[in-house]
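Below, each chain spelled out in residue letters.
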Amino acid sequence: MSQIFLSYNREDQAVAKHFADAFAAEGLSVWWDTALRSGEAYDEVTEAALRGAKAVVVLWSPRSVVSRWVRAEATIADRCKTLVPVMIEACERPIMFELTQTAELSHWTGDAGDRAWLAFLGDVRGFVGRERAVLAPMPSLAAVAAKSAPAPETLLAVLPFDNLSSDAEMEFFSDGVSDDILGRIMRGSKLRVIGRTSSFQFRGSDKPKAAAALSASHVLDGSIRRSGNRVRIAAHLTEAASQTTLWSDKYDRDLEDIFAVQDEISEAIADALDAAFFPAKTEKVDPLAYDLYLRGKDYDTNPEHIRDKIALLETAVKIAPEFGAAWGSLALQHQYSNMLAPYTERAPIDAVIAEEIHRSMTLDPENVGASLAEYWRLDPFGDFLGHHAVVQHLQRIGQNSPEAQVIIGLHFGAVGRTRESAESAAIGIALDPLSWMANAFYGSAL
């Protein structure tokens, strides 16, 4: 197998010969081909030589940068950590190789004593003399789960509380109790919790299946019954393996005291698990605003549904202007809507989104929704540094958020860090096994 694979455009054959002859004069074996530059696919010989070489020297010129074959060879070399590019004529390199150190030899015509050539030759010898990098396999779901997921005794599924009232509107209220507890666990807690997308699919007669289907070790379930302005909330925490009830209680309160009830439930669960993993709730939110927030916060792709959610969230922040999470969700829904609008109509709404993100982050710096909105509003055609700054923030605040892990994986995939992309998506699946987005991005990364 040759030590060096020479990648070039057929029109640059004369220059390529200078490199091939110079490498050969230095005792280095070179594979370079003067025939296979037609529209056919690679043959087995070419691909074997490319993948077997210790250094792939790519000759960039205005002709090679537009050659899909040269680009393909450079991409494979980059993945194999064998890429040694060189500029033989002034041109704009493909964007994915702009950050790769590239030698400048546009002046070189074969002089063995040329300083720039000798420096480049030294780089090539460095590649030839080292052990060739072996790529690690893509992370499997099992491997990622073993590395990132918590011990079984700390994997909690919070199921939607049953609405035992005759009032169908209490369904949102019932989900809200569960959602609030789940949200507090996900924000800053060391305890792992199954994501809402997965756990909230188990309702009614399907609830007994939840622990096995989600691989949860503990399940929090409950019910809500309303009578006039009074509400009774029953909750219980069960260990899945033994079906032992670790804790249960009932709360009779006025509707206005719902947040106090949620605090009491959260504290009781923390005591039952012998871990105080719920931060104290300091904000006071109007129950109506909270109900509107619950109705408007979830992801949707239907433009009409998005408009309805925006209207609900706009009312929520009008009622409760200090409700940071609602501002974050409003920014995110506005961003979803803006991405469906013509480009010429986006600027005014983008200014509104920026203000909503600022408002949300000022009130609640750890708001995942606001960070997701910020990620999506950045220029998708190249603002990788801006995206990376948001992703770094999400890595700090979104360890327990499957939505955050999906976006982290999306970003890593966009900049070519494919294994990290797969790992983040797999963590998202571990947090929310039935999330179609996490599963889709994991499949894409593979």
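Going along each chain's sequence as written, the residues are numbered from 1 onward. Where totals are concerned, whole chains, interfaces and linings use all residues; where local detail is concerned, this predicted model gives features only for residues with pLDDT of at least 70, and gives and counts side-chain atom pairs only at 80 or more. Hydrogens and water molecules were not included; the side-chain quantities draw on all heavy atoms of the structure.

## A word on helix α14 (residues 368–377)
Filter applied, for reference: The buried label applies to any residue whose accessible area, calculated with a 1.4 Å probe on protein chains only, is under 20% of its type's maximum; exposed applies above 50%, and partly exposed to all values in between. Helix and strand labels come from DSSP, where a helix needs a run of H or I of at least four residues and a strand needs a run of E of at least two; each type is numbered from the N terminus. Throughout, a contact is declared for two residues whenever any of their heavy atoms are within 4.5 Å. Counting of polar contacts relies on pairs of N or O atoms within 3.5 Å, with two restrictions inside protein: one atom must be capable of donating a hydrogen and the other of accepting it, and residues adjacent in sequence are counted only when both atoms are side-chain atoms.
Along α14, seven of the 10 residues are buried, which leaves the element largely enclosed by surrounding structure. Every buried residue of α14 is listed here: V368, G369, A370, S371, L372, A373 and Y375. In this structure, the buried residues of α14 make contact with α12 (324–339), α13 (346–363), α15 (384–397) and α16 (402–414). With a side-chain oxygen positioned 2.8 Å from the backbone nitrogen of G369, the residue opening α14 is N367.

## Comments concerning unusual backbone geometry
In this structure, K81 is a non-glycine residue whose phi angle is positive, near 60 degrees. With phi around 55 degrees, S215 is a residue other than glycine that occupies positive phi space. Note on placement: S215 falls in the loop between α8 (210–214) and β9 (218–227).

## Topic: the nonpolar core
Nonpolar side chains in soluble globular proteins generally cluster together in the buried interior. Definition in use: Take the buried Ala, Val, Leu, Ile, Met, Phe, Trp, Tyr and Cys residues and link them wherever side-chain atoms come within 4.5 Å; each set so joined is a nonpolar core.
Of all hydrophobic cores here, the largest spans 36 residues; its most connected members are Y293, F323 and L394. Sorting the residues of this core by element identifies α10 (287–296), α11 (303–319), α12, α13, α14, α15 and α16 as the ones contributing at least two each. Top contributing element to this core by residue count: α12, with seven residues. Judged by nonpolar contacts, the second largest core, of 23 residues, contains L59, A103, W108 and F120.

## A look at α13
Using the following cut-off: To estimate how far a helix should reach, multiply one less than its number of residues by 1.5 Å. The directions from the helix axis to the C-beta atoms are what the arc is built from.
When the terminal C-alpha atoms of α13 are compared, their 26 Å separation across 18 residues agrees well with the 26 Å that a helix rising 1.5 Å per residue should span. If you check which residues of α13 are buried, you get I353, E356, I357 and S360. Axial view of α13: buried residues confined to an arc of 105 degrees, hence all on one face. Opposite the packed face of α13, turned more than 90 degrees from it, sit the exposed residues A347, P348, H358 and T362.

## Describing a nonpolar patch on the surface
For clarity, the threshold we go by: The patches described consist of residues with a relative accessible area above 30% and no salt bridge, like charges being joined within 9 Å and nonpolar side chains (Val, Leu, Ile, Met, Phe, Trp, Tyr) within 5 Å. Surface accessibility in these figures is a Shrake-Rupley result with a 1.4 Å probe; residues are shielded only by whichever protein chains are displayed. Salt bridges are defined as contacts in which a side-chain nitrogen from Lys or Arg sits within 4 Å of a carboxyl oxygen from Asp or Glu.
A cluster of nonpolar side chains, namely I95, M96, F384 and V415, defines an oily patch on the protein surface of about 380 Å² accessible area. Along the polypeptide, I95 turns up in the loop between β4 (83–87) and β5 (103–104).

## Brief notes about the pairing of strand β6 (residues 155–158)
Definition in use: Note on pairing: DSSP must find at least two bridges between two strands before they are called paired.
Residue alternation in β6 divides its side chains into two sets, L155 and A157 and L156 and V158, and both sets are buried. Across two bridges, the pairing between β6 and strand β8 (residues 192–193) is parallel. Across the sheet, residue L156 finds its bridge partner in β8, namely V193. Strand direction decides the pairing type here: β6 and β9, joined by three bridges, are parallel. The partner of A157 across the bridge, within β9, is V219.

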